[in-house]
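# Coordinates in review
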Amino acid sequence: MKTPLILIPKPKAEDSFGITLAPLSLEEIYTKVDDPANGAVVVMSGMVRNQTDGKAVVALEYQAYEPMGLQVFYQIAASIRRKWSDVNRVAIYHRIGRLKIGEISVLVAVGCPHRGEAFAACQYAIDTLKHNAPIWKKEHWQDGSSSWVSIGACEQEC
């Protein structure tokens, strides 16, 4: 019996992806999806907040299985292009390492001729990333304790 071949989509040259230790820049990600044909650019910026469920957080630590994570990002972009064919550009970036309160942990940006499609595609991208990407976070609490949490725990069906 042959093992089925799984086709991994190749990213489009105009799209951009990354998993990095370096701080993420809103301006840089916006520039990556900017295009003269866009009527809208929607950017979703996920940030480290100072609490979870009322418990004080002092930092988050992210780890990822990068090769698989990037493949998930490519699949998200390919799905976006199937659902919203007018999308011009997609950028998906996630930080790893220890992040302080207020730092950006994830940026998703979509450039498109129309705002409705840009909003919908951007929401789809972040929801699908949170559900499918092999990325984990460790919450460091003010009391000195910490715990790992999978970001795959979507609040709703993705």
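These numbers come from a predicted model, not from an experiment. Here the residue numbers are simple positions, counted from 1 along each chain's written sequence. Thresholds applied to this predicted model are a pLDDT of at least 70 for local features of residues and 80 or more for the giving and counting of side-chain atom pairs; totals over whole chains, interfaces and linings are not thresholded and use all residues. In computing side-chain properties, one takes all heavy atoms of the structure into account and sets aside hydrogens as well as water.

Note on geometry: axes are C-alpha line fits, over the in-contact stretch for helices, and angles between N-to-C directions span 0 to 180 degrees. Secondary structure elements are taken from DSSP: a helix is a run of H or I of four residues or more, a strand is a run of E of two residues or more, and numbering for both begins at the N terminus. Interhelical geometry of helix α2 (residues 66-83) versus helix α3 (residues 115-132) gives an angle of 145° and a closest axis separation of 10 Å. The hand of the α2/α3 crossing is right-handed. For the pair formed by α2 and α3, the contact residues are V72, F73, I76, S79, I80 and K83 on the first element and A121, Y124, A125, T128, L129 and N132 on the second. For this scheme, ten residues count as nonpolar: Ala, Val, Leu, Ile, Met, Phe, Trp, Tyr, Cys and Pro. Four count as charged, namely Asp, Glu, Lys and Arg, and the remainder, Gly too, count as polar. Considering only residue class, the contact of α2 with α3 consists of 8 nonpolar, 3 polar and 1 charged. Note on convention: the crossing is left-handed when the near helix lies turned anticlockwise from the far helix by less than a right angle, right-handed when the turn is clockwise. Residue contacts follow a heavy-atom distance rule, with two residues in contact if any of their heavy atoms lie within 4.5 Å.

As a further point, take the nonpolar core. Core analysis: the biggest nonpolar cluster contains 34 residues, and F73, I80, V87, I92 and L129 have the highest contact counts within it. Among the secondary structure elements, those contributing two or more residues to this core are β1 (16-20), β2 (40-47), β4 (55-64), α2, β5 (89-95), β7 (104-112), α3 and β8 (135-141). Looking at which element gives the most residues to this core, the answer is α2, with 7 residues. Take the buried residues of types Ala, Val, Leu, Ile, Met, Phe, Trp, Tyr and Cys, join any two whose side-chain atoms come within 4.5 Å, and each joined set is a nonpolar core. Partly exposed residues are those whose accessible area sits between 20% and 50% of the maximum for their type, while under 20% is buried and over 50% is exposed, using a 1.4 Å probe and protein chains only. Listed in part, the 8 residues of the second largest apolar core include V33, A91, I104 and L107.

Further remarks concern the confidence of the model for the protein chain. Averaged over all residues, the pLDDT of the protein chain is 91; the fraction at 70 or higher stands at 89%. Summary of the metric used: pLDDT quantifies the predictor's per-residue confidence within the range 0 to 100. This stretch, residues 153-158, has a pLDDT under 50; its non-local contacts, to residues over four places away or in other chains, come to 10 contacts.

In short, DSSP must find at least two bridges between two strands for them to pair. Read from one edge to the other, the open sheet built from 4 strands follows the order β1-β5-β7-β2, with strand pairing classed as mixed. What marks the edges here is a single partner per strand, and that holds for β1 and β2. Strand after strand, the sheet turns through a mean of 5° between neighbouring axes, direction not considered. Across 6 bridges, the pairing between β5 and β7 is antiparallel. Within the sheet, the bridge partner assigned to R89 lies in β7 and is G111. Against the sheet, α2 makes contact with β1 and β5, and its axis sits at roughly 155° relative to β1, the strand it touches most.

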